Amino acid sequence: MRLRSRLNRLDKHLYASVAQARLPGFERVLPPLSRAADNALLWAGIAGGFALSGRRRLRRAATRGLLAVSLASPLVNLAGKQAFARKRPVADSLPMTRLLRMPLSASFPSGHSASAAAFATAVALEAPAVVAAPVALLAGAVCFSRVYTGVHYPGDVLAGVAIGVATGLLTRRIWPEAGEAGRARASATAPSFDLDPLGDGLAVMVSQEESEAARTLREAFPRAQFVPLESMDKAEGKALAVAGGDGTVNRGALAALEHGRPLLVVPAGTLNHFATELGIEDADEAVAAYRGGDLVAVDVGEVAGGVFVNNASVGIYPELVDRREARQKRVGKWPALLWALAEVLGRDAAPFDVVVDGVPYRAWLLFVGNCRYGSRGAAPGRRVRLEDGVLDIRLMTAARTLPRVRAFGSVVAGRLGLSRHYRQWQADMVRVETPSGEIRLARDGETLTAHGPLVFTKRPRSLHVFR
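For clarity, every value in this text was computed on a predicted model and none was experimentally measured. (Residues numbered from 1 in each chain as written. Predicted model: local features only at pLDDT ≥ 70, side-chain atom pairs only at ≥ 80, totals over all residues. Heavy atoms only, no water.)

## Overview of the overall build of the chain
Which entries qualify depends on this criterion: By definition, any uninterrupted DSSP run of H or I lasting at least four residues is a helix, any uninterrupted run of E lasting at least two residues is a strand, and each is numbered from the N terminus. Relative accessibility decides the category of a residue: with a 1.4 Å probe and only protein chains considered, values under 20% of the type maximum give buried, values over 50% give exposed, and everything between is partly exposed. The criterion used for residue contact is that any of the two residues' heavy atoms lie within 4.5 Å. Accessible areas in this description were obtained via Shrake-Rupley with a 1.4 Å probe; residue shielding takes into account the shown protein chains only.
Helix and strand counts for the chain come out as 15 helices and 16 strands. By the burial criterion, 51% of the 467 residues in the chain qualify as buried. Restricting the contact set of the chain to residue pairs at least 6 apart, pairs at least 24 apart contribute 74%. Accessible surface, the chain: about 22,200 Å² in total, of which carbon and sulfur atoms supply 56%.

Here it is as structure tokens:
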């Protein structure tokens, strides 16, 4: 009780010091800022801006931030305030310009401070420092405003901050960080040469010369050799770097395998599945991965004289890709995809005859994944491992009872109940042929016409990549 009494006196003394302070301009800024944080509206607005930014790290920061606030708020308001029931300060000594309407709830702990600290902590777990630092400063200003405007003692605010930081960190247990969420298991290895942090000995290929990723790589690696994408096979160097989407990474993987060099994957496309599963979210993280020097050995699949790092497919997906590519220069990639989907749904798509390992089928789609994918369905999400030595084979067969719309819905969603028409197994090789001998194939989103039979095989732990 004696310690509690001393802390209470210290708390009131600090509150009085803040009450006597006269900070020019703060009366105009802090009260409106404190009101803006009512009911976490300030943080919801910032989260909305992050969500609309189009950047994956900021979208994750928004989600994690709101999750943290949703944990902190009931903990403070339904548990903390009810347990302590501390009375609010008497704000008679404060200037009228600083006063807010005194809340009716208990004073300890501060809910505004808990929400502010929770949101700032969660954002710091996901966003780059240039974004996280201003959010932290804004959260600190909100916390200080609760004392400066007379509605909380400093102790209330400190307790709220502690709860907020704890709940922000707790979100890592509920929802993994980006690196943990996307990072698939792979076998660690070691570079066979000394890395130059400025890129000496690194050959770099980029799919778009004027992209942000290209600028980041040129600034980070001034000593690197930048090679046109079409000359990738002739690139010289101790290591290769390729910036683009999964199709571009596919070409880089083939060049790295042919020359026996490690590969740096730089996500710079519409879809970056392989980079995400390596735990690399942007060009800055790719630069850090290269300079860190950590290499892993991953599997690749092989078919029709080429490789695939994610998956290959036969059937309706290559048809969708072909139609999308024919229109994307006019309307953009995503509108072109929707346009292509509407076309094949309307009238053009038809199942095909295929023989898989000697068994004939009438099918919509054959999917062959490089390593096991986690979710069930014709369009699975992500892999847990990148070096398990198997192909993940998924076949969606056709029947009169399976309408076209349902079949395409399964390809898009990947989780519809099509158990009678869906088969899945793992193997280290699968043989595919069609009656005509001509097969339209997609490898990592890039299409080509091959002549069967096609044999899908594995090259276990053959590709060395930085991460």
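## Here's the deal with the packing of aromatic side chains
Applied cut-off: Aromatic rings from Phe, Tyr and Trp, with only the six-membered ring used for Trp, were paired whenever their centres fell within 6.5 Å, and each pair was classed as stacked if the ring planes differed by under 30 degrees, edge-to-face if by over 60, and tilted otherwise.
Tallied over the entire structure, the rule returns seven aromatic pairs. A centroid spacing of 4.8 Å and a plane angle of 70° characterise the contact between F84 and F108, whose relative ring orientation is edge-to-face. You can see F84 sitting in helix α4 (residues 56-84) and its partner F108 sitting in the loop between α4 and α5 (111-126), a full 24 residues away along the chain. Arranged with centres 5.0 Å apart and planes meeting at 55°, the rings of Y290 and F466 form a pair that is tilted.

## A closer look at the nonpolar core
Quick reminder of the rule: Among buried residues, those of type Ala, Val, Leu, Ile, Met, Phe, Trp, Tyr and Cys that are joined through side-chain atoms within 4.5 Å constitute a nonpolar core.
Of all hydrophobic cores here, the largest spans 51 residues; its most connected members are F221, L263, F274 and L463. Leave out the neighbours within four places in its chain, and L263 touches L240, V242, V249, G252, A253, A256, L463, H464, V465 and F466. Within the second largest apolar cluster, 29 residues are counted, among which are V18, F50, A116 and V142.

## So, unusual backbone geometry
Of the consecutive residues F108 and P109, the connecting peptide bond is found in the cis state with omega at -10°. Structurally, P109 can be placed in the loop between α4 and α5. Located in the positive-phi region is D357, a residue other than glycine, with phi close to 50°. Looking at the element boundaries, D357 is found in the loop between β9 (352-356) and β10 (359-370).

## A look at helix α3 (residues 41-51)
Threshold: This arc is built from the directions going out from the helix axis to the C-beta atoms.
Among the residues of α3, L42, W43, A47 and F50 are the ones counted as buried. End-on view of α3: buried residues confined to an arc of 130°, all on one side of the axis.

## A closer look at the side chain of S145
Position of S145 among the secondary structure elements: in helix α6 (residues 129-148). By relative accessible area, which is 0% here, S145 ends up buried.

## Some words on helix α10 (residues 246-259)
Threshold: Take the residue count of a helix, subtract one, and multiply by 1.5 Å to get its expected span.
For α10, which comprises 14 residues, the first-to-last C-alpha distance of 20 Å matches the rise-based estimate of 20 Å (1.5 Å per residue) to within 8%. Within α10, 10 of the 14 residues are buried, leaving the element largely enclosed by the surrounding structure. Of all the positions in α10, only D246, G247, T248, V249, N250, G252, A253, A255, A256 and L257 are classed as buried. Of the residues trailing α10, G260 is marked for its positive phi of about 65°.

## Notes on the pattern of salt bridges
When charged atoms on two side chains of opposite charge get close, those side chains can pair. Counted only if it meets this: When a carboxyl oxygen of Asp or Glu lies within 4 Å of a side-chain nitrogen of Lys or Arg, that pair is called a salt bridge.
A full pass over the atoms with the stated rule returns 16 salt bridges. Two residues, R383 and E277, come together in a salt bridge whose shortest N-O distance is 2.5 Å. Here R383 is found in the loop between β10 and β11 (391-397), whereas its partner E277 is found in helix α11 (residues 273-278), with 106 residues between them in sequence. Look at R383 and you get buried, because its relative accessible area is 0%. On the accessibility criterion, E277 (5% relative accessible area) is buried. Taken together, the shared-partner salt bridges in this structure form one network comprising R57, D282 and E285.

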